Amino acid sequence: MFDTLDAVRDDFIRRLERAATDRHLPMHLATLATSDADARVLVLRAFDAEDWTLRFHTDNRSPKCDVIRADPRVGVLFYDRSAKVQIRIKGVARIETEGPIADAAWEAGTNFARRCYLGEGPGTRSTQMTSGLPPQFEGIEPTDDELVPARPNFAVIIADLQEVDWFFLSHAGHRRAQFTLADGALQGRWLAP
Ligand SMILES: Cc1cc2nc3c(=O)[nH]c(=O)nc-3n(C[C@H](O)[C@H](O)[C@H](O)COP(=O)(O)O)c2cc1C
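A short tour of the structure in this document, coming up. (Residues numbered from 1 in each chain as written. Predicted model: local features only at pLDDT ≥ 70, side-chain atom pairs only at ≥ 80, totals over all residues. Heavy atoms only, no water.)

Things to note about the site of the ligand
Close to the ligand lie Leu 29, Arg 40, Val 41, Leu 42, Val 43, Arg 45, His 57, Thr 58, Ser 62, Pro 63 and Lys 64, which account for all nearby residues. Between a nitrogen atom of the ligand and a main-chain N or O atom of His 57, the distance comes to 2.8 Å. For the ligand, an oxygen atom lies 2.7 Å from a polar atom in the side chain of Lys 64. Burial of the ligand by the protein chains amounts to 59% of its free accessible area of 620 Å². The set of elements that each furnish at least two residues to the shell around the ligand consists of β2 (39-43), β4 (53-59) and α2 (63-70). Element by element, the count of residues in the shell around the ligand is highest for β2, at four residues. (Near = heavy atom within 4 Å. Polar contact = N/O pair within 3.5 Å; in protein donor to acceptor, adjacent residues only side chain to side chain. Areas by Shrake-Rupley, 256 points an atom, 1.4 Å probe, with all protein chains shown as cover. Helix = DSSP H or I, 4+ residues; strand = E, 2+ residues; numbered from the N terminus.)

Here it is as structure tokens:
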């Protein structure tokens with residue numbers, strides 16, 4: 001079924017497009033690695049196979065944002081255990097807190113989800129166990145007015161894809177293909193797994 005590079009290309013595009021919109025799919029959760037040898041789970045919010053970007057949402061105060069600003073190289077890892085498919089992406093990322101993409105992403109969120117950006121920044125030390133949220137919003141949805149101070153903390157991470165590595169586990173023999181983006185087009189090749 002994955003006999004051609006075109007079939008593999010179609011497979012990873014379809015998987016990532018669906019993963020961005022279906023929270024039940026394993027690839028809805030990505031592992032984002034940054035240049036400081038750190039990695040963390042993020043929700044994949046969008047995958048665009050026309051301009052080859054992935055989008056994530058985060059808190060602008062989180063350490064990974066400064067790491068990406070200093071060195072934009074990122075790796076993004078996906079694995080679907082039942083499909084036995086691993087997708088690894090290399091790219092360069094940018095942080096946007098303003099502009100049409102960040103504004104649209106903020107508008108699309110629920111107030112309950114947006115309340116996370118009202119609290120302490122991720123990684124802020126605390127003398128006691130904490131959610132970081134202001135106590136009045138623990139489990140409580142803020143109003144639009146109450147969310148105004150949260151908006152500057154919200155950021156999108158846009159990763160421009162440069163290379164895709166696709167791996168399929170198979171009893172008959174694993175399969176692996178790699179694609180590099182050059183002049184807007186993917187150049188594919190088979191690799192020994
Ligand atoms: C299932 C799951 C989903 C998560 N989704 C996000 C997310 O979409 N955005 C985000 O910033 N952090 C998300 N996190 C938290 C991150 O993994 C991470 O702890 C946080 O962003 C701080 O990362 P940093 O210290 O590397 O900046 C998620 C964690 C888990 C376990």
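Things to note about the pairing of β4
With six of seven residues buried, β4 lies mostly within the body of the structure. With three bridges connecting them, strand β3 (residues 46-48) and β4 associate as antiparallel partners. Paired with Ala 46 across the bridge in β4 is Arg 55. Pairing of β4 with strand β7 (residues 154-168) involves seven bridges; the strand directions are antiparallel. Across the sheet, residue Asp 59 finds its bridge partner in β7, namely Phe 154. (Buried < 20%, exposed > 50% of the residue type's maximum accessible area, 1.4 Å probe, protein only. Pairing = 2+ DSSP bridges.)

Some details on the side chain of Asn 153
Within the element layout of this structure, Asn 153 appears in the loop between α4 (111-114) and β7. Using a relative accessible area of 14% as the deciding quantity, one classes Asn 153 as buried. Sequence-distant contacts of Asn 153, defined by excluding residues within four places in its chain, comprise Thr 58, Asp 59, Asn 60, Arg 61 and Tyr 117. (Contact = heavy atoms within 4.5 Å.)

Digging into the nonpolar core
By size, the foremost hydrophobic cluster in this structure holds 36 residues, and its most contacted members are Phe 12, Phe 56, Phe 78, Ile 87, Ile 89 and Trp 166. No other element matches β7, which puts seven residues into this core. Once residues within four sequence positions are removed from consideration, Trp 166 is found in contact with Phe 2, Val 8, Asp 11, Phe 12, Val 85, Gln 86, Ile 87, Arg 175, Arg 176 and Ala 177. Core analysis: the next-biggest nonpolar cluster, separate from the first, contains 11 residues, Trp 106, Phe 137, Leu 147 and Ala 150 among them. (Core = buried A, V, L, I, M, F, W, Y, C linked by side-chain atoms within 4.5 Å.)

Thoughts on the packing of aromatic side chains
Per the stated rule, a full pass over the model turns up nine aromatic pairs. Arranged with centres 5.1 Å apart and planes meeting at 75°, the rings of Phe 2 and Phe 168 form a pair that is edge-to-face. Here Phe 2, found in the segment before α1 (5-21), pairs with Phe 168, found in strand β7; they are 166 residues apart in sequence, far enough to count as distant. When sorted by exposure, Phe 2 lands in the same class as Phe 168, which is buried. Within the aromatic cluster, the residues linked to one another by ring pairs are Phe 12, Phe 47, Trp 52 and Phe 179. Over the aromatic face of Phe 112 sits the side chain of Arg 115, whose NZ or CZ is 3.9 Å from the ring centroid. (Phe/Tyr/Trp six-rings, centres within 6.5 Å; stacked < 30°, edge-to-face > 60°. Lys NZ or Arg CZ within 6 Å of the ring centre and 35° of its normal.)

A short note on α1
Compared with an ideal rise of 1.5 Å per residue, which puts 17 residues at 24 Å, α1 spans 25 Å between its outermost C-alpha atoms and is within 8% of the ideal. The set of residues buried in α1 consists of Val 8, Asp 11, Phe 12, Ile 13, Arg 15, Leu 16, Ala 19 and Ala 20. Against β3, β5 (73-80), β6 (85-96), β7, β8 (175-182) and β9 (185-191) lie the buried residues of α1. (Expected span 1.5 Å × (residues − 1).)

Digging into α2
Where α2 is concerned, the buried positions are Lys 64, Cys 65, Val 67 and Ile 68. Projected down its long axis, α2 carries its buried residues within an arc of 160°, all on one side. Exposed residues on α2 whose side chains face more than 90 degrees from its buried face are Pro 63 and Ala 70. Of the surrounding secondary structure, the elements contacted by the buried residues of α2 are β1 (29-34), β2, β4, β5, β6 and β7. (Arc of directions from axis to C-beta.)

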